[in-house]
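Report on the structure
Now for the letters of each chain:
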Amino acid sequence: MSTVRNRTTLLAATTTALLALALTACGPDGSGTKSSGPETGGTAQDASATASAANTGSTTGTTGGSSTSKSSTGSGSKSASGSKSGSGSGTTTGAGGGNATSDSYAYKHPCSGGQVSVNVTTRDGASSQRVIAVRNNGASSCGLSYYPRVYLDQASAQGGKNVKPLIPSGLGGAPAYPVYAGQTAYAVIDVDPSGATTGTVSGIDELNVLADGDHMPNADTHNFPLGSGALVLKPKLGLYRSTIADAVSSMKAADTQS
């Protein structure tokens, strides 16, 4: 009986020891499950990095947007300023020298005898043609009649016969021929357009020119010698033009007695 009791006690002690050993072995499994801690730590770091990156991106975006907006605003403001400057310049120019090249001003302000100079020369290559040049020496534009008042006579015979030229027909349009400041108007007269050597008017040796027959007094008439041997027969006078070539073309169209 004593032997049985001892075996029972030993068995109980052995069982207890084995149970204790088994419980001890469970500790590493709990520690292994706890290893998920580094993963949790890694997730937190990733979240922190993501948040940091988000903040950095937001800051960059805001800075870029502000810069773009500022650049656009600055450019627009400068452009508006430039436009205003251009407008001011145009107004100044108009106020400063508009009358020098103004047709409308010329229409209302006839040229005076003291404002213009009148010269007559023989046209190159055409001995029977004379070029009448009227230059505006004033600071503002002025208006002339469509053509100068012209007649030919004998210088030594006061009150003698006068020969008046033909002029172009169908006149009309602007109230005057505008001559800008510093510019010259040309009119051409051919004293013998047919080139006749017989039947010409004898004794005619002078060309008389009044630059504006509509407004200038007769006292402003200029007298120019034709030169010895000049022949005069049915002369033709053209309208004022800006070039001699155009004045010649106008002269050839003369068909009405002035």
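Rules used throughout
- Residue numbers restart at each chain and count upward from 1, following the sequence in its written direction.
- For a predicted model such as this one, the threshold for reporting local features is a pLDDT of at least 70, and the threshold for listing and counting side-chain atom pairs is 80 or more; totals across whole chains, interfaces and linings nevertheless cover every residue.
- The side-chain figures draw on all heavy atoms in the structure; neither hydrogens nor water molecules are used.
- The helix count covers DSSP runs of H or I at least four residues long, the strand count covers runs of E at least two residues long, and both are numbered beginning at the N terminus.
- Categorising residues by exposure relies on relative accessible area from a 1.4 Å probe, with only protein chains included: less than 20% of the type maximum marks a residue as buried, more than 50% marks it as exposed, and the intermediate range marks it as partly exposed.
- Contacts are assigned to residue pairs that have any heavy atoms within 4.5 Å of one another.
- To be clear on the numbers: accessible area is Shrake-Rupley with a 1.4 Å probe, and residue cover counts the displayed protein chains and nothing else.
- What the arc covers is the set of directions going from the helix axis to the C-beta atoms.
- By the convention used here, strands pair only if DSSP detects at least 2 bridges between them.
- What counts as an axis is a line fitted to C-alpha atoms, over the stretch in contact for a helix, and the angles between N-to-C directions run from 0 to 180 degrees.
- Put simply, a disulfide is two cysteine sulfurs that come within 2.5 Å.
- To form a nonpolar core, buried Ala, Val, Leu, Ile, Met, Phe, Trp, Tyr and Cys residues must be joined to one another through side-chain atoms within 4.5 Å.
- A 3.5 Å cut-off defines polar contacts: any pair of N or O atoms within that distance qualifies, except that in protein one atom must be a possible hydrogen donor and the other a possible acceptor, and neighbouring residues in sequence count only when both atoms are side-chain atoms.
- Scored between 0 and 100, pLDDT is the confidence that the predictor attaches to each residue.

What follows is about the overall build of the protein. A count of helices and strands for the protein gives four helices and 11 strands. By residue count, 25% of the 258 residues in the protein fall in the buried class. Taking the intrachain contacts of the protein between residues at least 6 apart in sequence as the baseline, contacts between residues at least 24 apart amount to 76%. Element-wise, carbon and sulfur atoms account for 55% of the exposed surface of the protein, whose accessible area totals about 15,600 Å².

Another aspect to go through is helix 4 (residues 244–252). Taken as a whole, helix 4 has its buried residues at Ala247, Val248, Ser250 and Met251. An end-on view of helix 4 places all buried positions within 160° of arc, on one side of the element. Facing away from the buried surface of helix 4 by more than 90 degrees, the exposed residues are Ala245 and Lys252. In this structure, the buried residues of helix 4 make contact with strand 2 (129–136), strand 7 (184–190) and strand 10 (236–237).

This paragraph deals with the pairing of strand 2. Most of strand 2 sits out of view: seven of its eight residues are buried. Turn length for the strand 1 (residues 116–122)-strand 2 hairpin, with the two strands adjacent in sequence and antiparallel, is six residues, and the turn residue glycine 125 shows positive phi of about 80°. One ladder, built from seven bridges, connects strand 2 with strand 7; its direction is antiparallel. Directly across from valine 134, in strand 7, lies its bridge partner alanine 185.

This brings us to the sheet that holds strand 4 (residues 149–153). The three strands lie next to each other as 4-8-9, forming an open sheet whose pairing is antiparallel. The open sheet has two free edges, formed respectively by strand 4 and strand 9 (222–225), since each of these has just one partner strand. Strand after strand, the sheet turns through a mean of 20° between neighbouring axes, direction not considered. Bridge count between strand 4 and strand 8 (residues 206–210): five bridges; the pairing is antiparallel. Across the sheet, leucine 152 pairs through a bridge with leucine 207, a residue of strand 8.

A few words on the state of the cysteines. Counted by the stated rule, this structure contains one disulfide. Shown here is the disulfide that connects cysteine 111 with cysteine 142, its sulfur atoms set 1.9 Å apart. Note on the cysteine 111 and cysteine 142 pair: the S-S dihedral is about 85°, so by sign convention the disulfide is right-handed. A residue pair is termed long-range when its members are at least 10 positions apart, and cysteine 111 in the loop between helix 3 (103–108) and strand 1 and cysteine 142 in strand 3 (residues 142–144) qualify at 31 residues. No difference in accessibility class separates cysteine 111 from cysteine 142, as the two residues are buried.

Structurally, the position occupied by serine 250 is in helix 4. Serine 250 has contacts with Pro168, Gly238, Leu239 and Arg241, leaving out every residue within four places of it along the chain.

Turning next to the nonpolar core. Of all hydrophobic cores here, the largest spans 29 residues; its most connected members are Ile132, Val134, Leu144, Leu152, Leu207, Val209 and Tyr240. Beyond its immediate sequence surroundings of up to four residues, leucine 207 is in contact with Val120, Arg130, Val150, Tyr151, Leu152, Ile189, His222, Asn223, Phe224 and Leu226. Formed by five residues, the second largest nonpolar core is a distinct cluster that contains Val131, Val188, Val248 and Met251.

Here the focus is the side chain of serine 102. Here serine 102 shows up in the loop between helix 2 (36–97) and helix 3. You can call serine 102 buried: its relative accessible area is 14%. Here the side chain of serine 102 touches tyrosine 105 through a polar contact of 3.0 Å, landing on its backbone nitrogen. Excluding residues that lie within four positions of it along the chain, serine 102 makes contacts with Ser141 and Tyr180.

When strand 1 meets strand 2, the two strands line up antiparallel, connected through seven bridges. The residue of strand 2 that forms the bridge with threonine 121 is valine 131.

Moving on, we get to the confidence of the model for the protein. Per-residue confidence for the protein gives a mean pLDDT of 75; residues scoring 70 or more make up 62%. A low-confidence stretch, residues 1–96 (pLDDT under 50), is modelled with one contact involving residues beyond four sequence positions or located in other chains.

Attention now goes to the environment of cysteine 142. Among the residues examined, cysteine 142 registers a relative accessible area of 0% and is labelled buried. Separated by 41 residues in the primary sequence, cysteine 142 and threonine 101 place their C-alpha atoms 9.1 Å from one another. Those residues in contact with cysteine 142 that sit more than four places away from it in its chain are Ala106, His109, Pro110, Cys111, Gln115, Val116, Asn136, Tyr177, Pro178 and Val179.

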